[in-house]
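Results of the structural survey
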Amino acid sequence: YFDNLIKERNLISIFFQESYSQLSGLVLQEDAKLELKENFPPFMKTISLLKLDKIVTCSPFHLSFGEIKIFTLLKTLFTGSDFFLLDEPFVALDDNWKKVVFKLMLSLNQMGKTFLIVSHEKQFETFYSSEFEIKNKKLIYYDRKNQSFL
């Protein structure tokens, strides 16, 4: 029973806007090692490629909000989940980091991963397959594949 429950839990990963709440308080590298297990080596390789080696040796209490945000967002994307719910993933990231994260998300999407992104950012909306917008207290759905509003 518990094995199935754990497997089901790993199908979905959630990233909260207040990303600091997703950290254990340990040095970031130890936090990632505990959570990512077999995905830890590729995560650390990506951290190195992105030149973030210095931040993973720090406590979250010594980092900026943007550094914590990028770390927790990358950690979420390396969980191995099939579905990601991301709440405001681009807030507090500069344009360069937004592009890096979005390219990683596109790569994961091409591998069959699904994303539900809650965002006020319009920068990447042309890449979304569909979009919901709340306008004048009404929910509007736009299907980009079929070019239609509902």
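Here the residue numbering is sequential within each chain, running from 1 through the sequence in written order. With the structure being a predicted model, the display of local features is reserved for residues of pLDDT at least 70 and the display and counting of side-chain atom pairs for 80 or more, all residues being used for whole-chain, interface and lining totals. Excluding hydrogens and water, the side-chain figures rest on all heavy atoms present in the structure.

1. Points about the packing of helix α2 (residues 28-36) against helix α3 (residues 40-49)
The following threshold applies: Throughout, an axis means a line fitted to C-alpha atoms (over the contacting stretch in the case of helices), and angles, computed between N-to-C directions, take values from 0 to 180 degrees. In this description a helix means any DSSP run of H or I spanning at least four residues, a strand means any run of E spanning at least two, and both kinds are numbered starting from the N terminus. Whether two residues are in contact is decided by their heavy atoms: any pair within 4.5 Å suffices.
At their nearest, the axes of α2 and α3 sit 9 Å apart, and the two run at 145° to each other. Of the residues in α3, those in contact with Gln29, Ala32, Lys33 and Leu36 of α2 are Phe40, Phe43 and Met44.

2. Notes on the sheet that holds strand β2 (residues 83-87)
Just so we agree on the cut-off: Two strands are counted as paired when DSSP detects at least two bridges linking them.
Spatially, the three strands line up as an open sheet ordered β1-β2-β3, and their pairing is parallel. Because the sheet does not close on itself, it has two edges, and the strands there are β1 (12-15) and β3 (114-118). If you compare each strand with its neighbour and ignore which way they point, the axes differ by 10° on average. Contacting β1, β2 and β3, helix α5 (residues 65-77) runs over the sheet at an angle of about 170° to β1.

3. Here we look at the pattern of salt bridges
Basically, it comes down to this: For salt bridges, the criterion is a side-chain nitrogen of Lys or Arg within 4 Å of an Asp or Glu carboxyl oxygen.
A full pass over the atoms with the stated rule returns five salt bridges. A salt bridge links Lys75 to Asp31; its shortest N-O distance comes to 2.4 Å. Of this pair, Lys75 sits in helix α5 while Asp31 sits in helix α2, and the two are 44 residues apart along the sequence. Across the pair Lys75 and Glu35 runs a salt bridge, and its minimum N-O distance is 3.0 Å. Of this pair, Lys75 sits in helix α5 while Glu35 sits in helix α2, placing them 40 residues apart in sequence. Overlapping salt bridges, with partners in common, bring together Asp31, Glu35 and Lys75 in one network.

4. A look at the confidence of the model for the chain
Put simply, the rule is: A residue's pLDDT is simply how confident the predictor is in it, with values from 0 to 100.
In the predicted model, the chain carries a mean pLDDT of 83, and the fraction of residues at 70 or more is 85%. For the chain, the element scoring lowest by mean pLDDT is helix α1 (residues 2-9), at 52; α3 scores highest, at 95.

5. Describing α2
Inclusion rule: Partly exposed describes any residue whose relative accessible area lies between the buried limit of under 20% and the exposed limit of over 50%, with all areas from a 1.4 Å probe on protein chains only and scaled to the type maximum. Read the arc as the range of directions from the helix axis to the C-beta atoms.
Restricting attention to buried positions, one finds in α2 the residues Leu28, Asp31, Ala32 and Leu36. In a view along the axis of α2, the buried residues occupy a sector of 105°, so they form one face of it.

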